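Fold and contact review
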Amino acid sequence: MLHLFDTRTRKAQEVSAMDGKKLRFYCCGPTVYGPAHIGNFRTFVLQDVFRRVVELGGVKTTHVRNLTDVDDKTIRDSQKNGVSLAEFTAGWTAKFHNDCEALNCLSPHIEPSAVAHIPEQIAMVQALVEKGHAYTSDDGSVYFRISSFADYGKLSHLDERELDLGKTANARSNADEYEKDSVADFVLWKGRRAEDGPNFWQSPWGEGRPGWHLECSAMINKYFGSDFDLHSGGVDLVFPHHENEVAQSRCACGGDFARLWFHITHLLVDGGKMSKSLGNMYTLEDLEKLGYKAGEVRYVLAGGYYRRPLNFTLSSLSDARSALARMARFDNQLKKAAGQDKLPSYKHLCNKQPELGVFATAWASLNDDLNTPEALGHVFSAMKATNVAELSAAEAQACREAYHFILSAFGIVLPEEEAQEEAPAEVKVLAEQRWQAKQEKNWAESDRLRGEITALGWMVKDRKDGYDLVKN
């Protein structure tokens, strides 16, 4: 059974379906005003690994992930580009879906959009006003009164943070996103403004549009009701976005809202913050232009522990390429030993888990707070410990099914192994002699033998547990 660190309780909690049937979880999706970058996809890929581990563990799921297609940014940029909001967001939504497919992410079961749920959002604001948790302003906007909700701040542990208290006294925030140290009554419904152009809807408070925090609460209530199993997003959403969701949802609908909170930490690039000004805000398309494949990007993003920042580098993609090549070689060895290329589908694996054998430790790590780097380490240890030549055809097939069960949990699709020219006997002898010299730390002899191998038109690529010979 999977256990995850819960943001609210700060404890590892068992992930289970409260209704005993399906695990219902909600993920904050993209704001479709531009291409998603690798920082966004770190969150989406790890949410995908989470879902796969749950489903492969035998638990059915209902996965809801929203699309933010109306907010300050989508309106601003659609106006700037001289196109309708619907046309503008449709293009970026298609791009997002294409990138998700390239990264082998499972599609959510339900993908609601903010614009398609305006009536539900208006109804929630009405409920909050009627119950005294919200109030209108002179410009037709409606604000949530945070002083009316005694549990405000419990998710993000506000009482343990240093805050700019000068911003808390009767302050309001009309922006969809605001400063992380500002505790303010937040906007639920934004009165129509000139800069919004034609992007407004009728409401009991006049023409306007919903605030950003409102959409998730309205969609969750529609598809899950007042209580559900798990809510997920990037750690940057804990406050104020998720804190505001809790407040407005519990005050409007009752219930306890999400039982568990699964947040993914930031992605760094070359040890620093990712930003457009530094030229390191990579999209999947940017990396493909540099010669890297989506599968390599997924390997790097999935391989970082979700509770620690991931330092993304281009060299990590090169390392991923080598790792995936090793995995593909091992798979081909098992396939040849099994004498067949038949594997159970993902759906079949979700219904019937194979005997995992040497890969059981990798599965245990995935279920222990989704420890993906530890799990990958166990995968490579299992590969190293397996002498495929000693396996019968049935044993090789069983081992391959267990191997692909773990690969399915990571969402890894193995590359096709490139056919390599076999090195002549002379080069193999020199390579073995060099490896022996290296083990004896005879660096001078090792370098001399490498030179001889190079002169014969071959290159030695060292691994931790051996080497490969590649034709120059």
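Cut-offs applied
- Residues numbered from 1 in each chain as written.
- Predicted model: local features only at pLDDT ≥ 70, side-chain atom pairs only at ≥ 80, totals over all residues.
- Heavy atoms only, no water.
- Helix = DSSP H or I, 4+ residues; strand = E, 2+ residues; numbered from the N terminus.
- Buried < 20%, exposed > 50% of the residue type's maximum accessible area, 1.4 Å probe, protein only.
- Contact = heavy atoms within 4.5 Å.
- Areas by Shrake-Rupley, 256 points an atom, 1.4 Å probe, with all protein chains shown as cover.
- Phe/Tyr/Trp six-rings, centres within 6.5 Å; stacked < 30°, edge-to-face > 60°.
- Expected span 1.5 Å × (residues − 1).
- Pairing = 2+ DSSP bridges.
- Axes fitted to C-alpha atoms, helices over the stretch in contact; angles between N-to-C directions.
- Parallel < 35°, antiparallel > 145°, perpendicular 65-115°, else oblique.
- Nonpolar A, V, L, I, M, F, W, Y, C, P; charged D, E, K, R; others polar.
- Core = buried A, V, L, I, M, F, W, Y, C linked by side-chain atoms within 4.5 Å.

Examining the overall build of the protein chain
Along its length, the protein chain carries 15 helices and 15 strands. Seen through its C-alpha atoms, the protein chain measures out along the principal axes to roughly 85 × 50 × 40 Å. The buried share of the protein chain, taken over its 472 residues, is 52%. Looking at the protein chain alone, contacts between residues at least 24 apart form 75% of all its contacts between residues at least 6 apart. Carbon together with sulfur atoms contributes 50% to the accessible area of the protein chain, which is approximately 21700 Å² in total.

As for the packing of aromatic side chains
The relative placement of two aromatic rings is captured by the distance of their centres and the angle of their planes. Evaluation of the coordinates by the stated rule reveals 18 aromatic pairs. Here tyrosine 135 and tyrosine 143 contribute two aromatic rings whose centre-to-centre distance is 6.0 Å and whose plane-to-plane angle is 25°, an arrangement assigned as stacked. A relative accessible area of 16% means that tyrosine 135 is categorised as buried. Its relative accessible area of 5% is what places tyrosine 143 among the buried residues. Members of the aromatic cluster, connected to one another through ring pairs, are Phe25, Phe50, Phe262, Tyr305 and Tyr306.

As for helix α1 (residues 38-56)
Counted at 1.5 Å a residue, the expected span for α1 with its 19 residues is 27 Å, and the 26 Å between its end C-alpha atoms agrees. Burial runs high along α1: 18 of the 19 residues are buried. Taken from the residues just after α1, glycine 58 is the one with a positive phi, measuring 95°.

Some points on the sheet that holds strand β3 (residues 22-27)
The four strands lie next to each other as β4-β3-β10-β11, forming an open sheet whose pairing is parallel. Each of the sheet's edge strands pairs with one partner strand only, and the pair in question is β4 (60-65) and β11 (257-264). Each neighbouring strand pair of the sheet contributes to a mean axis angle of 25°, computed without reference to strand direction. Two strands pair when backbone bridges link them, and β3 and β4 are joined in this way by six bridges, in the parallel orientation. If you follow cysteine 27 over to β4, its bridge partner there is arginine 65.

Examining the packing of α1 against helix α13 (residues 393-410)
α13 packs onto α1 with a crossing angle of 140° between their chain directions and a minimal axis gap of 7 Å. Classified by the interaxial angle, the pair formed by α1 and α13 is oblique. Here α1 contributes Val49, Arg52, Val53 and Leu56 to the contact with α13, which in turn contributes Phe405, Ser408, Ala409 and Phe410. Here the contact of α1 with α13 is composed, by residue class, of six nonpolar, one polar and one charged.

A few points about unusual backbone geometry
Between phenylalanine 239 and proline 240 the backbone carries a cis peptide bond, its omega angle lying at 5°. Within the secondary structure, proline 240 is located in helix α6 (residues 238-253). Positioned with a positive phi, asparagine 104 is a non-glycine residue whose angle comes to about 60°. Structurally, asparagine 104 can be placed in the loop between α3 (85-102) and α4 (118-130). Given the relative accessible area of 28%, asparagine 104 is considered partly exposed. Even without glycine at this site, leucine 370 takes up a positive phi of about 50°. Relative to the helices and strands, leucine 370 is located in the loop between α11 (360-367) and α12 (372-385). On the basis of relative accessible area, leucine 370 is assigned to the buried category, the value being 0%.

A few points about the nonpolar core
With 78 residues, the main nonpolar core has Phe50, Phe312, Met327 and Tyr403 as its most contacted residues. Looking at this core, the element that brings in the most residues is α1, giving ten residues. Residues in contact with tyrosine 403, not counting those within four places in the same chain, are Met327, Phe330, Asp331, Leu334, Phe359, Val379, Met383 and Leu414. Counting 43 residues, the second-largest nonpolar core is a separate cluster that includes Ile75, Phe144, Val183 and Trp261.

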